[in-house]
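Survey of secondary and tertiary structure
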Amino acid sequence: MKRSLFEADHEDFRASVREFVTRTITPVEEKLVEQRYIDREIWLEAGRNGFLGLEVPEEYGGSGAEDYRFNAVLAEELARSSAAVASCFGIHVDIVAPYLVKLTTEEQKKRWLPGFCSGEILTAIAMTEPSGGSDLAALKTTAVKDGDDFIINGSKTFITNGNSADLVIVATRTTPEKKAKGITLFAVENGTEGFSRGRKLDKVGQPESDTAELFFENVRVPSSNMIGEFDGGFIHMMQLLPQERISCSVANLGHVRPILEETLQYAKDRKAFGQQIGSLQWNKFLLAELVTKFDVAQAYIDNCIAAHGIGELTAIDAAKAKWWSSQVQNEILDHCVQLHGGYGFMNEYRAARAWKDARVTKIWAGSNEIMKELIGRDLGL
């Protein structure tokens, strides 16, 4: 079924992103896997192409697109390359950008946004802690006021872009007795005394993604680095999480689409028992189910993208999109590996790598179990 979400400008933008991926990322895919981070030159080239500041007003160096469909196109095309590349760029372009555009002062915008758009300031967001997981309200990292500054102590883990980031938005507890209502966000800049990075985490999949532990030992940040309102951090995060979750959903389907297409072609080319393996009834029916399931999921995600573009995507609909897209993604990829047979277990085949890369999507941005809990509460249960 032809998608009706995008217009000519979006498809022209898609061609531009695809050319960027082919020219800049595809030739160095194996290098990125081995080194476990994306070269800064790739980020700078993305900045030169105008890909990093889609939500940033023009006066700060962005393109001021004000149309989330461009974000969706970028996520889909990067995910075709790899889930890790889409994740690293998604953190910067889709997840951190709204914090810096919507919650910052004029001085902060002028200080950070031009570099954000050019790729000279790479960003990350540090919510998750070793003991907390999806429970953001239980975070233990503290920020204590000291004159005109705040002193941050604590640690974060599973932070995408963690080692490379020049600017990290850190969720801290500023008023412990207020629990969730006592959380404040701060921007911690690279080189700040007491701020250190741990090892690059050795993940099951997505090796290209720079994922790290972060440590804060008496890190002094000025009040001018506070993001949003004092003690308003939890509300800010809850307000902006729907975009993170729809961003993940878009990338999930963008990631699985080419693998499903390649598996369908493999099922036509591969022969067994004197015929195409795809013509065997079980495989034929399975592929029919997978294609249908993908198309139905895509239709829902497209509806969510459209709703988000006009400010009508609810947190509950975003939760549905996140858990369902990751579930469909993982189900399809598991079957793609099986249809490839022994080759599906070889890293030289994209199906194998995609299968490993996708497993985390049912965990991050709030686990699927948390998503179902949110949906269940909305049902009055």
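Within any chain, residue numbers begin from 1 and follow the written order of that chain's sequence. Reporting in this predicted model follows two pLDDT cut-offs: at least 70 for local features of residues, and 80 or more for side-chain atom pairs to be given and counted; totals over whole chains, interfaces and linings ignore these cut-offs and use all residues. The basis for every side-chain value is the complete set of non-hydrogen atoms in the structure, without hydrogens or water.

Each helix and strand counted, the chain has 11 helices and 10 strands in total. In terms of overall size, the chain behaves like a compact globule, its C-alpha atoms giving a radius of gyration of 21 Å where 381 residues would be expected to give roughly 21 Å. C-alpha atoms of the chain, sized along the principal axes, occupy 80 × 50 × 40 Å. The proportion of buried residues among the 381 residues of the chain is 53%. Of all intrachain contacts in the chain linking residues separated by at least 6 positions in sequence, the fraction that spans at least 24 positions is 74%. Each accessible area value is a Shrake-Rupley result obtained with a 1.4 Å probe; residue values ignore everything except the protein chains displayed when judging cover. Entry remark: accessible area of the chain is about 17300 Å², with carbon and sulfur atoms responsible for 54%. When charges are counted, Lys and Arg are positive and Asp and Glu negative, with His and the chain ends excluded. Working definition for charges: the position is that of NZ of Lys, CZ of Arg, CG of Asp or CD of Glu. Of the side chains in the chain, 43 bear a positive and 54 a negative charge, and the two mean positions are spaced by 5 Å. Each helix corresponds to a stretch of at least 4 residues labelled H or I by DSSP, and each strand to a stretch of at least 2 residues labelled E; elements are numbered beginning at the N terminus. Throughout, radius of gyration means the C-alpha value; the globule benchmark is 2.2 Å times the number of residues raised to the power 0.38. Any residue under 20% of the maximum accessible area for its type is buried, any over 50% is exposed, and the rest in between are partly exposed; the area is computed with a 1.4 Å probe on protein chains only. Any two residues having at least one pair of non-hydrogen atoms within 4.5 Å are treated as being in contact.

This brings us to helix H3 (residues 40–48). Of all the residues in H3, the buried ones are Ile 42, Trp 43, Glu 45, Ala 46 and Gly 47. Looking at the buried positions of H3, the neighbouring elements they touch are helix H1 (8–25), helix H2 (29–35), helix H5 (83–102) and helix H6 (106–118).

On to the pairing of strand S5 (residues 183–189), then. Buried residues dominate S5, accounting for six of its seven residues. Bridge count for strand S4 (residues 167–173) against S5 is seven bridges, and the pairing is antiparallel. If you follow Val 170 over to S5, its bridge partner there is Phe 186. Where S5 and strand S8 (residues 226–227) come together, two bridges link them in antiparallel fashion. Directly across from Leu 185, in S8, lies its bridge partner Ile 227. At least two DSSP bridges between two strands are needed for those strands to be called paired.

Further remarks concern the packing of aromatic side chains. Two rings from Phe, Tyr or Trp (for Trp, the six-membered ring) form a pair when their centres sit within 6.5 Å of each other. Planes less than 30 degrees apart are called stacked, planes more than 60 degrees apart edge-to-face, and all others tilted. This structure, assessed with the given rule, holds 10 aromatic pairs. Seen in terms of ring centroids, Phe 13 and Phe 70 are 5.4 Å apart; in terms of plane orientation they differ by 85°. Their pairing is edge-to-face. Within this pair, whereas Phe 13 is found in helix H1, its partner Phe 70 is found in helix H4 (residues 68–81), the two being separated by 57 residues in sequence. A relative accessible area of 13% means that Phe 13 is categorised as buried. Judged by centre distance (5.4 Å) and plane angle (40°), the rings of Tyr 343 and Tyr 349 are tilted. Linked through ring pairs, Phe 13, Phe 20, Phe 51 and Phe 70 together constitute an aromatic cluster. Only when the NZ of Lys or the CZ of Arg is both within 6 Å of the ring centre and within 35 degrees of the ring normal is a charge said to sit over the ring. If you follow Arg 14 out to its NZ or CZ, it ends over the ring of Phe 6, 5.1 Å from the centre. The ring of Trp 323 carries the charged tip of Lys 372 above its face, separated from the ring centre by 4.5 Å.

With 59 residues, the main nonpolar core has Leu 78, Phe 89 and Ile 246 as its most contacted residues. Every element with two or more residues in this core is listed here: H1, H3, H4, H5, helix H7 (233–269), helix H8 (281–309), helix H9 (315–339) and helix H10 (350–358). Contact partners of Phe 89, with chain neighbours within four places excluded, come to Ile 38, Ile 42, Trp 43, Ala 46, Leu 52, Leu 78 and Asp 94. One finds Ile 95, Val 101, Cys 117 and Leu 241 within the second-largest nonpolar core, a separate group that totals 29 residues. Here, the term nonpolar core denotes a set of buried Ala, Val, Leu, Ile, Met, Phe, Trp, Tyr and Cys residues that are joined through side-chain atoms within 4.5 Å.

In the sections that follow, a salt bridge refers to a side-chain nitrogen of Lys or Arg positioned within 4 Å of a carboxyl oxygen of Asp or Glu. The final tally for this structure, using the stated rule, is 26 salt bridges. Across the salt bridge formed by Glu 76 and Arg 3, the nearest N and O atoms sit 2.8 Å from each other. One end of the pair, Glu 76, is in helix H4; the other, Arg 3, is in the segment before H1, and 73 residues separate them in sequence. One salt bridge connects Arg 111 with Glu 107, and the closest N-O pair in it is separated by 2.8 Å. Of this pair, Arg 111 and Glu 107 are both found in helix H6, four residues apart, which corresponds to roughly one turn of the helix. The exposure class of Glu 107 is partly exposed, given its relative accessible area of 41%. Several salt bridges share partner residues, and in doing so they unite Arg 3, Glu 11, Arg 14, Arg 18, Glu 76, Glu 77 and Asp 302 into one network.

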